[in-house]
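# Working through the structure, step by step
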Amino acid sequence: MDSLSTAKLLASVLLLASLCVRAEVDDVPLSPYYYDGTCPLAELIVKQTVEAVVYRDPRMAASLLRLHFHDCFVLGCDASVLLDDTDGIVSEKNAGPNKNSLRGFEVIDLIKGLLEAACPSTVSCADILAMAARDAVHLRGGPTWKVYLGRKDSLKASLSEANKMIPAPNFTLDMLISNFQSHGLDVVDLVSLSGSHTIGRSRCVSFKGRIYGQDPVEPFEAYDHHRRYADFFRSLRSVCPPTGRDGVLVPLDSKTSRRFDNQYYRNLIRGHALLQSDDELASAAYAEEEAIARLVWAYAQDQRLFFRHYVSSIIKMGTINVLTGGEGEVRKNCRYVNAYYH
């Protein structure tokens with residue numbers, strides 16, 4: 001692509017972004033200053049704890065970010081994902097996308113314990129998830145932002161919704177668009193939030209079907225005229241055999257897996273997307289789908305643009321179906337509703 005074409009492409013994407021209707025956080029009764037009077041050290045406690053944990057285990061940054069996503073995409077950002085099995089509650093931790101995969105629960109327990117000691121029954125588990133995700137991204141070199149606070153914690157969980165509403169690694173583009181729209185998120189949110197895959201790892205079982213031609217999509221050999229996939233898939237096959245080793249972890253970003261940057265989008269353009277759902281973003285070709293591919297190109301060339309859109313989108317995501325006022329509670333223990341102790 002020559003420089004003139006690139007400039008035109010970037011201009012069209014910027015126009016697209018400016019035309020997209022962005023959600024206003026002011027529409028939701030949350031505030032970055034919610035705890036200023038009741039627990040002024042809340043954000044500092046979360047930040048310092050996340051720093052200490054990620055220093056010991058760099059992978060935990062991606063894990064904490066993923067917890068926030070998996071929470072918000074099921075029932076809303078209400079900490080339902082943290083609930084354990086009890087009488088009347090079937091934990092979302094047992095859902096297909098979460099079981100033996102989601103981690104970081106002990107970190108949230110640690111933060112909650114420190115906050116309960118400092119400010120009893122004040123800071124919600126849902127707000128802890130939102131703050132921890134922000135701090136995890138920033139620690140890996142990504143942007144930071146003001147977290148809008150004041151969420152309450154859910155009194156229920158939904159295993160069925162967790163199995164249905166969390167995007168799967170083999171989703172098609174149409175499925176991704178529909179899923180995000182069901183949460184009030186648009187195509188800019190879809191492409192920018194997918195950039196979370198610039199950090200973290202995925203299990204072999206999540207993409208084996210793709211590299212061995214078992215997924216219900218066109219085998220990559222049929223359209224890999226420029227060998228964009230062949231060498232990359234060969235390297236993946238050396239790590240993930242057809243049978244066994246399902247739990248082996250492979251970086252979602254093969255180049256800078258521990259740094260939150262725009263390398264993920266460059267990988268997509270080169271055909272080095274680990275998951276089928278990621279590859280779909282760069283393979284789009286028609287109407288609204290073409291706009292998605294253009295955003296991928298724009299983010300690959302302009303990290304600041306990616307960061308700006310990412311911040312806007314994750315703040316927006318953090319307002320999905322939030323509980324406020326008397327709609328929920330502030331759990332004393334993030335794993336159980338307060339009534340469990342009575």
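Residues numbered from 1 in each chain as written. Predicted model: local features only at pLDDT ≥ 70, side-chain atom pairs only at ≥ 80, totals over all residues. Heavy atoms only, no water.

Looking at an unreviewed UniProt entry, one finds the protein named Peroxidase 1 and attributed to Zingiber officinale. The record held by UniProt for the protein lists under Sequence similarities (unreviewed entry) the comment "Belongs to the peroxidase family. Ascorbate peroxidase subfamily." Database annotation for the protein, UniProt heading Catalytic activity (unreviewed entry): "2 a phenolic donor + H2O2 = 2 a phenolic radical donor + 2 H2O". (UniProt positions renumbered as here; feature names shortened; annotations may be inferred.)

### Structural notes on the overall build of the protein
Broken down by element type, the protein carries 14 helices and 2 strands. Relative to its full complement of 342 residues, the protein shows a buried share of 54%. Taking the intrachain contacts of the protein between residues at least 6 apart in sequence as the baseline, contacts between residues at least 24 apart amount to 78%. Accessible area of the protein: about 15300 Å², with a carbon and sulfur share of 53%. (Helix = DSSP H or I, 4+ residues; strand = E, 2+ residues; numbered from the N terminus. Buried < 20%, exposed > 50% of the residue type's maximum accessible area, 1.4 Å probe, protein only. Contact = heavy atoms within 4.5 Å. Areas by Shrake-Rupley, 256 points an atom, 1.4 Å probe, with all protein chains shown as cover.)

### Examining the UniProt feature "active site" (unreviewed entry) in the protein
Listed under "active site" (unreviewed entry) in the UniProt record, and renumbered for this structure, are His 70. Mapped onto the secondary structure, His 70 falls in helix α3 (residues 60-72). Looking at His 70, the relative accessible area reads 9%, which means it is buried. Apart from the residues lying within four places of it in its own chain, the contact partners of His 70 are Pro 97, Asn 98, Leu 102 and Ile 166.

### Comments concerning helix α4 (residues 105-118)
In a regular helix each residue adds 1.5 Å, so 14 residues correspond to 20 Å; α4 covers 20 Å between its end C-alpha atoms and thus fits that length. Those residues of α4 that sit buried are Phe 105, Val 107, Ile 108, Ile 111, Lys 112, Leu 115 and Glu 116. Contacts from the buried residues of α4 go to α2 (42-56), α3 and α5 (125-139). (Expected span 1.5 Å × (residues − 1).)

### Some points on the environment of Trp 297
Turning to its location among the elements, Trp 297 is positioned in helix α13 (residues 287-301). Between the C-alpha atoms of Trp 297 and Ala 282, which are 15 residues apart in sequence, the distance is 8.2 Å.

### Considering the environment of Asp 253
Along the chain, Asp 253 falls in the loop between β2 (249-251) and α11 (263-270). Along the primary structure Asp 253 and Gly 200 are separated by 53 residues, whereas in three dimensions their C-alpha atoms are 7.6 Å apart. Those residues in contact with Asp 253 that lie beyond four places of it in its chain are His 197, Thr 198, Asp 261, Gln 263, Tyr 264 and Asn 267. Only 2.9 Å separates the side chain of Asp 253 from the backbone nitrogen of Lys 255, close enough to count as a polar contact. (Polar contact = N/O pair within 3.5 Å; in protein donor to acceptor, adjacent residues only side chain to side chain.)

### Section: the environment of Phe 233
Tracing the chain through its elements places Phe 233 in helix α10 (residues 230-239). Overall, Phe 233 belongs to the buried group, its relative accessible area being 1%. Sequence-wise, Phe 233 and Ala 273 are 40 residues apart; in three dimensions their C-alpha atoms are separated by 9.8 Å.

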